[in-house]
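One letter stands for each residue in the lines below.
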Amino acid sequence: GLILGLGFGGVATAETIDTSSMVVAVTVFPDRALVTRRAELKLAKGVHAVRVSSLPGTIEDASISAKGSGEAKVTLFGAKLVTTQLETPQSPRVKELEDQITQVNDRLKQLQYAKEVVRQERDFLMSIKAASSDQVGKDIITKQPSVADLEGLLAFLDRELTGTYQKELQGEAQARELTKQLDRLNRELSQLYGASRKQEISIVVDVEADTPGRFVLEVSYRLLGATWTPSYEARASSGADSVEIVTSGIIRQRTGEDWRDVTVSLSTARPSVQGRMPEIQPWWLRKQ
(Lines give C-alpha, C1' and ligand atoms only; values in the text may rest on other atoms or scores of the structure.)
Protein backbone atom coordinates (compact mmCIF):
# COMPACT_ATOMS: atom_id res chain seq x y z
CA GLY A 1 0.00 0.00 0.00
CA LEU A 2 1.00 3.66 -0.35
CA ILE A 3 0.35 6.62 1.89
CA LEU A 4 1.29 10.10 0.69
CA GLY A 5 2.92 12.06 3.50
CA LEU A 6 3.11 15.82 3.88
CA GLY A 7 5.74 15.89 6.61
CA PHE A 8 9.42 15.02 6.61
CA GLY A 9 9.85 13.85 10.18
CA GLY A 10 12.60 11.27 10.61
CA VAL A 11 13.80 11.43 7.02
CA ALA A 12 17.07 13.15 7.99
CA THR A 13 18.34 9.86 9.47
CA ALA A 14 17.14 7.76 6.54
CA GLU A 15 19.12 4.81 5.22
CA THR A 16 20.08 5.37 1.57
CA ILE A 17 19.11 2.58 -0.79
CA ASP A 18 20.61 2.57 -4.28
CA THR A 19 18.34 0.77 -6.69
CA SER A 20 18.41 -0.02 -10.38
CA SER A 21 15.54 1.11 -12.58
CA MET A 22 14.23 0.76 -16.09
CA VAL A 23 12.19 2.97 -18.37
CA VAL A 24 8.66 1.55 -18.69
CA ALA A 25 6.73 4.37 -20.38
CA VAL A 26 7.41 7.51 -22.36
CA THR A 27 5.13 10.29 -23.54
CA VAL A 28 6.78 12.36 -26.24
CA PHE A 29 5.72 15.97 -26.68
CA PRO A 30 6.75 18.16 -29.63
CA ASP A 31 9.71 19.59 -27.67
CA ARG A 32 10.39 17.24 -24.73
CA ALA A 33 9.31 13.95 -23.15
CA LEU A 34 7.76 12.59 -19.96
CA VAL A 35 9.60 9.46 -18.80
CA THR A 36 8.47 6.93 -16.20
CA ARG A 37 10.99 4.63 -14.53
CA ARG A 38 10.23 1.65 -12.36
CA ALA A 39 12.32 0.20 -9.57
CA GLU A 40 11.49 -2.95 -7.62
CA LEU A 41 12.93 -3.25 -4.14
CA LYS A 42 12.42 -4.92 -0.80
CA LEU A 43 11.99 -2.49 2.06
CA ALA A 44 12.72 -3.13 5.69
CA LYS A 45 10.66 -1.37 8.30
CA GLY A 46 11.87 2.16 8.88
CA VAL A 47 12.87 5.34 7.08
CA HIS A 48 14.71 5.11 3.75
CA ALA A 49 16.02 7.37 1.01
CA VAL A 50 15.63 5.47 -2.26
CA ARG A 51 18.07 6.71 -4.89
CA VAL A 52 17.47 6.19 -8.61
CA SER A 53 20.76 7.06 -10.34
CA SER A 54 22.38 7.38 -13.77
CA LEU A 55 19.77 9.78 -15.10
CA PRO A 56 20.12 12.38 -17.90
CA GLY A 57 21.24 15.88 -17.06
CA THR A 58 18.31 17.66 -18.78
CA ILE A 59 15.61 16.71 -16.29
CA GLU A 60 13.26 19.52 -15.28
CA ASP A 61 13.46 19.76 -11.50
CA ALA A 62 9.86 20.90 -11.02
CA SER A 63 8.47 18.01 -13.08
CA ILE A 64 9.52 15.15 -10.77
CA SER A 65 6.84 12.96 -9.24
CA ALA A 66 6.79 9.57 -7.53
CA LYS A 67 4.28 6.85 -6.68
CA GLY A 68 4.40 3.22 -5.70
CA SER A 69 2.58 0.10 -4.62
CA GLY A 70 3.32 -3.26 -3.06
CA GLU A 71 2.90 -5.44 -0.02
CA ALA A 72 4.80 -3.00 2.20
CA LYS A 73 2.80 -0.23 3.80
CA VAL A 74 4.77 2.87 2.77
CA THR A 75 4.49 6.58 3.45
CA LEU A 76 5.95 8.62 0.60
CA PHE A 77 7.36 11.96 1.79
CA GLY A 78 8.70 13.49 -1.42
CA ALA A 79 11.18 13.28 -4.30
CA LYS A 80 14.02 15.58 -5.27
CA LEU A 81 16.67 15.87 -7.96
CA VAL A 82 20.24 15.47 -6.69
CA THR A 83 23.44 16.33 -8.60
CA THR A 84 26.66 14.75 -7.35
CA GLN A 85 30.14 15.72 -8.51
CA LEU A 86 32.28 12.68 -9.23
CA GLU A 87 36.07 12.73 -9.19
CA THR A 88 37.79 10.31 -11.56
CA PRO A 89 41.49 9.34 -11.43
CA GLN A 90 43.64 12.12 -12.84
CA SER A 91 45.39 11.41 -16.12
CA PRO A 92 49.23 11.45 -16.09
CA ARG A 93 48.92 13.86 -18.98
CA VAL A 94 47.58 16.51 -16.57
CA LYS A 95 50.88 16.69 -14.66
CA GLU A 96 52.81 16.76 -17.93
CA LEU A 97 50.70 19.64 -19.24
CA GLU A 98 51.02 21.59 -15.99
CA ASP A 99 54.83 21.28 -16.17
CA GLN A 100 54.87 22.41 -19.80
CA ILE A 101 52.66 25.39 -18.98
CA THR A 102 55.02 26.39 -16.18
CA GLN A 103 58.00 26.18 -18.56
CA VAL A 104 56.27 28.29 -21.21
CA ASN A 105 55.29 30.92 -18.63
CA ASP A 106 58.90 31.04 -17.38
CA ARG A 107 60.13 31.49 -20.95
CA LEU A 108 57.64 34.32 -21.53
CA LYS A 109 58.93 36.03 -18.38
CA GLN A 110 62.51 35.68 -19.64
CA LEU A 111 61.50 37.29 -22.93
CA GLN A 112 59.86 40.13 -21.04
CA TYR A 113 63.07 40.71 -19.05
CA ALA A 114 65.15 40.55 -22.25
CA LYS A 115 62.82 43.09 -23.88
CA GLU A 116 63.42 45.45 -20.97
CA VAL A 117 67.22 45.02 -21.33
CA VAL A 118 66.99 45.78 -25.07
CA ARG A 119 64.94 48.88 -24.31
CA GLN A 120 67.58 50.08 -21.86
CA GLU A 121 70.34 49.40 -24.42
CA ARG A 122 68.47 51.43 -27.02
CA ASP A 123 67.95 54.30 -24.60
CA PHE A 124 71.69 54.24 -23.83
CA LEU A 125 72.62 54.25 -27.53
CA MET A 126 70.17 57.08 -28.22
CA SER A 127 71.76 59.09 -25.41
CA ILE A 128 75.20 58.46 -26.97
CA LYS A 129 73.83 59.54 -30.33
CA ALA A 130 72.41 62.76 -28.89
CA ALA A 131 75.59 63.54 -26.96
CA SER A 132 77.84 62.73 -29.91
CA SER A 133 75.76 64.93 -32.22
CA ASP A 134 76.36 67.87 -29.94
CA GLN A 135 80.08 67.05 -29.65
CA VAL A 136 80.48 66.58 -33.41
CA GLY A 137 78.95 70.01 -33.97
CA LYS A 138 81.49 71.53 -31.61
CA ASP A 139 84.41 69.52 -33.04
CA ILE A 140 83.61 70.62 -36.56
CA ILE A 141 84.14 74.21 -35.47
CA THR A 142 87.22 73.62 -33.32
CA LYS A 143 88.96 70.38 -34.29
CA GLN A 144 87.59 69.59 -37.78
CA PRO A 145 87.20 65.77 -37.24
CA SER A 146 88.08 63.49 -40.12
CA VAL A 147 85.46 61.82 -42.33
CA ALA A 148 86.69 58.42 -41.13
CA ASP A 149 85.97 59.34 -37.52
CA LEU A 150 82.45 60.50 -38.38
CA GLU A 151 81.78 57.43 -40.50
CA GLY A 152 83.06 55.17 -37.71
CA LEU A 153 80.76 56.79 -35.16
CA LEU A 154 77.73 56.58 -37.45
CA ALA A 155 78.50 52.96 -38.37
CA PHE A 156 78.80 52.03 -34.69
CA LEU A 157 75.48 53.63 -33.77
CA ASP A 158 73.74 52.19 -36.83
CA ARG A 159 75.05 48.69 -36.11
CA GLU A 160 74.16 48.71 -32.43
CA LEU A 161 70.72 50.27 -32.87
CA THR A 162 69.89 47.86 -35.69
CA GLY A 163 70.94 45.02 -33.38
CA THR A 164 68.53 46.15 -30.67
CA TYR A 165 65.63 46.32 -33.14
CA GLN A 166 66.45 42.82 -34.42
CA LYS A 167 66.58 41.48 -30.87
CA GLU A 168 63.21 43.05 -30.14
CA LEU A 169 61.61 41.62 -33.30
CA GLN A 170 63.00 38.16 -32.56
CA GLY A 171 61.73 38.36 -28.99
CA GLU A 172 58.24 39.37 -30.16
CA ALA A 173 58.14 36.50 -32.67
CA GLN A 174 59.17 34.03 -29.96
CA ALA A 175 56.58 35.48 -27.59
CA ARG A 176 53.82 35.03 -30.20
CA GLU A 177 54.76 31.39 -30.73
CA LEU A 178 54.95 30.75 -27.00
CA THR A 179 51.56 32.41 -26.49
CA LYS A 180 50.00 30.13 -29.13
CA GLN A 181 51.65 27.13 -27.50
CA LEU A 182 50.38 28.22 -24.08
CA ASP A 183 46.85 28.59 -25.45
CA ARG A 184 46.93 25.05 -26.89
CA LEU A 185 48.24 23.60 -23.63
CA ASN A 186 45.61 25.41 -21.56
CA ARG A 187 42.79 24.20 -23.84
CA GLU A 188 43.97 20.60 -23.61
CA LEU A 189 44.34 20.87 -19.84
CA SER A 190 40.84 22.35 -19.55
CA GLN A 191 39.42 19.42 -21.51
CA LEU A 192 41.19 16.93 -19.26
CA TYR A 193 39.94 18.71 -16.15
CA GLY A 194 36.40 18.55 -17.54
CA ALA A 195 36.74 14.85 -18.35
CA SER A 196 38.06 14.09 -14.87
CA ARG A 197 35.14 15.80 -13.13
CA LYS A 198 31.72 14.43 -14.03
CA GLN A 199 28.23 14.72 -12.63
CA GLU A 200 25.83 12.01 -11.58
CA ILE A 201 22.15 12.88 -11.71
CA SER A 202 19.83 11.05 -9.31
CA ILE A 203 16.28 11.21 -7.99
CA VAL A 204 16.03 10.57 -4.27
CA VAL A 205 12.64 9.52 -2.88
CA ASP A 206 12.13 9.72 0.89
CA VAL A 207 9.91 6.91 2.19
CA GLU A 208 8.98 5.29 5.47
CA ALA A 209 7.88 1.68 5.60
CA ASP A 210 5.50 0.92 8.45
CA THR A 211 5.65 -2.75 7.51
CA PRO A 212 8.40 -4.55 5.56
CA GLY A 213 7.89 -6.13 2.16
CA ARG A 214 8.31 -5.74 -1.56
CA PHE A 215 7.61 -2.34 -3.08
CA VAL A 216 7.45 -1.09 -6.66
CA LEU A 217 8.48 2.54 -6.98
CA GLU A 218 7.76 4.62 -10.06
CA VAL A 219 9.34 8.03 -10.68
CA SER A 220 8.36 10.31 -13.55
CA TYR A 221 10.10 13.36 -14.95
CA ARG A 222 10.16 15.59 -18.00
CA LEU A 223 13.38 16.16 -19.89
CA LEU A 224 14.62 17.86 -23.03
CA GLY A 225 16.20 16.14 -26.01
CA ALA A 226 13.15 14.44 -27.49
CA THR A 227 10.78 15.56 -30.25
CA TRP A 228 8.19 14.14 -32.58
CA THR A 229 6.59 15.43 -35.76
CA PRO A 230 3.52 14.15 -37.60
CA SER A 231 3.74 12.70 -41.09
CA TYR A 232 0.80 12.39 -43.47
CA GLU A 233 0.51 10.49 -46.70
CA ALA A 234 -2.47 10.56 -49.09
CA ARG A 235 -2.95 7.57 -51.39
CA ALA A 236 -5.38 7.50 -54.28
CA SER A 237 -5.86 5.25 -57.30
CA SER A 238 -6.84 6.58 -60.68
CA GLY A 239 -10.58 6.20 -61.17
CA ALA A 240 -11.22 5.66 -57.47
CA ASP A 241 -13.65 7.90 -55.62
CA SER A 242 -11.84 7.72 -52.28
CA VAL A 243 -8.49 8.77 -50.83
CA GLU A 244 -6.62 6.86 -48.15
CA ILE A 245 -4.94 9.04 -45.51
CA VAL A 246 -2.04 7.44 -43.63
CA THR A 247 -0.69 9.16 -40.55
CA SER A 248 2.43 8.41 -38.57
CA GLY A 249 4.73 10.06 -36.05
CA ILE A 250 8.47 10.49 -36.46
CA ILE A 251 10.28 10.40 -33.11
CA ARG A 252 13.78 11.72 -32.54
CA GLN A 253 15.53 11.58 -29.19
CA ARG A 254 19.02 12.29 -27.88
CA THR A 255 18.33 12.06 -24.15
CA GLY A 256 20.92 9.35 -23.56
CA GLU A 257 18.25 6.91 -22.39
CA ASP A 258 17.42 3.54 -23.91
CA TRP A 259 13.77 3.41 -25.03
CA ARG A 260 13.84 -0.01 -26.63
CA ASP A 261 10.82 -2.21 -25.76
CA VAL A 262 9.15 0.74 -24.04
CA THR A 263 5.55 1.85 -24.43
CA VAL A 264 5.71 5.22 -26.20
CA SER A 265 2.80 7.65 -26.53
CA LEU A 266 2.66 10.80 -28.63
CA SER A 267 1.09 14.02 -27.41
CA THR A 268 0.45 17.35 -29.11
CA ALA A 269 0.50 19.14 -25.75
CA ARG A 270 3.30 21.58 -25.06
CA PRO A 271 4.18 21.64 -21.35
CA SER A 272 6.40 24.67 -21.92
CA VAL A 273 3.41 26.72 -23.15
CA GLN A 274 1.37 28.16 -20.31
CA GLY A 275 -2.16 29.30 -21.05
CA ARG A 276 -1.58 30.26 -24.66
CA MET A 277 -3.71 29.10 -27.55
CA PRO A 278 -1.73 27.18 -30.17
CA GLU A 279 -1.46 28.55 -33.67
CA ILE A 280 -3.44 26.65 -36.27
CA GLN A 281 -1.28 25.52 -39.16
CA PRO A 282 -2.91 25.16 -42.62
CA TRP A 283 -2.87 21.89 -44.55
CA TRP A 284 -2.01 22.20 -48.23
CA LEU A 285 -3.11 19.36 -50.51
CA ARG A 286 -1.20 19.12 -53.74
CA LYS A 287 -1.52 16.69 -56.60
CA GLN A 288 1.61 14.52 -56.95
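Here we take up the overall build of the chain. In terms of regular secondary structure, the chain is built from two helices and 12 strands. Walking the chain from its N terminus toward its C terminus, one meets helices and strands in the order β-β-β-β-β-β-β-α-α-β-β-β-β-β. Roughly 19,700 Å² of accessible area belongs to the chain as shown, and the carbon and sulfur atoms make up 52% of that amount.

Here we take up the pattern of salt bridges. Applying the stated rule across the entire model yields 18 salt bridges. A salt bridge links Arg119 to Asp123; the shortest N-O distance between them is 2.8 Å. In this pair, Arg119 and Asp123 both sit in helix H1 (residues 92-142), four residues apart, roughly one turn of the helix. Looking at Arg119, the relative accessible area reads 38%, which means it is partly exposed. Note that Arg235 and Glu233 form a salt bridge whose closest N and O atoms lie 3.3 Å from each other. In this structure, a network of salt bridges that share partners links the residues Asp31, Arg32, Glu60 and Arg222.

Structurally, Glu60 can be placed in the loop between strand S5 (46-55) and strand S6 (65-70). With residues up to four places along the chain from it excluded, the contact list for Glu60 reads Arg32, Arg222 and Leu224.

Turning next to the sheet that holds strand S9 (residues 213-223). The strand order across the open sheet formed by five strands is S6-S9-S4-S3-S12, and the pairing between neighbours is mixed. Two strands bound the open sheet, and with one partner strand each, they are S6 and strand S12 (263-266). For this sheet the average axis-to-axis angle between neighbouring strands, irrespective of direction, equals 20°. Here strand S3 (residues 22-28) runs beside S12; their pairing, made up of four bridges, is parallel.

Here we come to the environment of Val207. Among the structural elements, Val207 can be located in strand S8 (residues 197-209). Residue classification places Val207 among the buried positions, given a relative accessible area of 1%. Taking C-alpha positions, Val207 is 9.9 Å from Glu15, a pair spaced 192 residues apart along the chain. The residues touching Val207, leaving out its near neighbours within four places in the chain, are Leu43, Gly46, Val47, His48, Val50, Val74, Thr75, Leu76 and Phe77.

Together, Ile251, Val264 and Leu266 give the surface a local cluster of nonpolar side chains, amounting to about 210 Å² of exposed area. Within the fold, Leu266 resides in strand S12. On the accessibility criterion, Leu266 (38% relative accessible area) is partly exposed.

Turning to the side chain of Thr19, a few remarks are in order. Mapped onto the secondary structure, Thr19 falls in strand S2 (residues 15-19). Thr19 gets classed as buried once you look at its relative accessible area, which sits at 13%.

A few words now on unusual backbone geometry. Within the chain, Ser54 stands out as a residue other than glycine whose phi angle is a positive 60°. As for its position among the elements, Ser54 is in strand S5. Positioned with a positive phi, Asp261 is a non-glycine residue whose angle comes to about 60°. In this fold, Asp261 is placed in the loop between strand S11 (244-253) and S12.

A few words now on the packing of aromatic side chains. Where two aromatic rings form a pair, the distance of their centres and the angle of their planes describe that pair. All chains considered together, the criterion is met by one aromatic pair. Each ring, one from Tyr232 and one from Trp283, has its centre 4.9 Å from the other, and the planes form 45°; the classification is tilted. Within this pair, whereas Tyr232 is found in strand S10 (residues 226-235), its partner Trp283 is found in the segment after S12, the two being separated by 51 residues in sequence. Its relative accessible area of 66% is what places Trp283 among the exposed residues.

Once that is clear, we can look at the nonpolar core. One broad rule of soluble globular proteins: the nonpolar side chains tend to lie buried together. Grouped together as the largest cluster of nonpolar side chains are 31 residues, with contacts concentrated most on Val26, Leu43, Tyr221 and Trp259. Among the elements of the structure, S3, strand S4 (33-43), S5, strand S7 (74-87), S8, S9 and S10 are those that each provide at least two residues to this core. The contact partners of Tyr221, leaving out residues within four places of it in the chain, are Ala33, Leu34, Val35, Arg37, Leu55, Pro56, Ile59, Ser63, Ile64, Ile203 and Glu257. Grouped together as the second largest cluster of nonpolar side chains are nine residues, Val104, Leu111, Leu178 and Leu182 included.

With that settled, consider the environment of Thr162. Here Thr162 is to be found in helix H2 (residues 147-196). As a C-alpha pair, Thr162 and Arg122 span 40 residues in sequence and 9.5 Å in three-dimensional space.

To continue, consider the confidence of the model for the chain. Averaged over all residues, the pLDDT of the chain equals 82, while 82% of them reach at least 70. Here residues 2-12 scores under 50 on pLDDT; set against residues more than four positions off or in separate chains, the count is 22 contacts.

Rules of the game
Residues numbered from 1 in each chain as written. Predicted model: local features only at pLDDT ≥ 70, side-chain atom pairs only at ≥ 80, totals over all residues. Heavy atoms only, no water. Helix = DSSP H or I, 4+ residues; strand = E, 2+ residues; numbered from the N terminus. Areas by Shrake-Rupley, 256 points an atom, 1.4 Å probe, with all protein chains shown as cover. Salt bridge = Lys/Arg side-chain N within 4 Å of Asp/Glu carboxyl O. Buried < 20%, exposed > 50% of the residue type's maximum accessible area, 1.4 Å probe, protein only. Contact = heavy atoms within 4.5 Å. Pairing = 2+ DSSP bridges. Axes fitted to C-alpha atoms, helices over the stretch in contact; angles between N-to-C directions. Patch = residues over 30% accessible without salt bridge, like charges linked within 9 Å, V, L, I, M, F, W, Y side chains within 5 Å. Phe/Tyr/Trp six-rings, centres within 6.5 Å; stacked < 30°, edge-to-face > 60°. Core = buried A, V, L, I, M, F, W, Y, C linked by side-chain atoms within 4.5 Å. pLDDT = per-residue confidence, 0-100.

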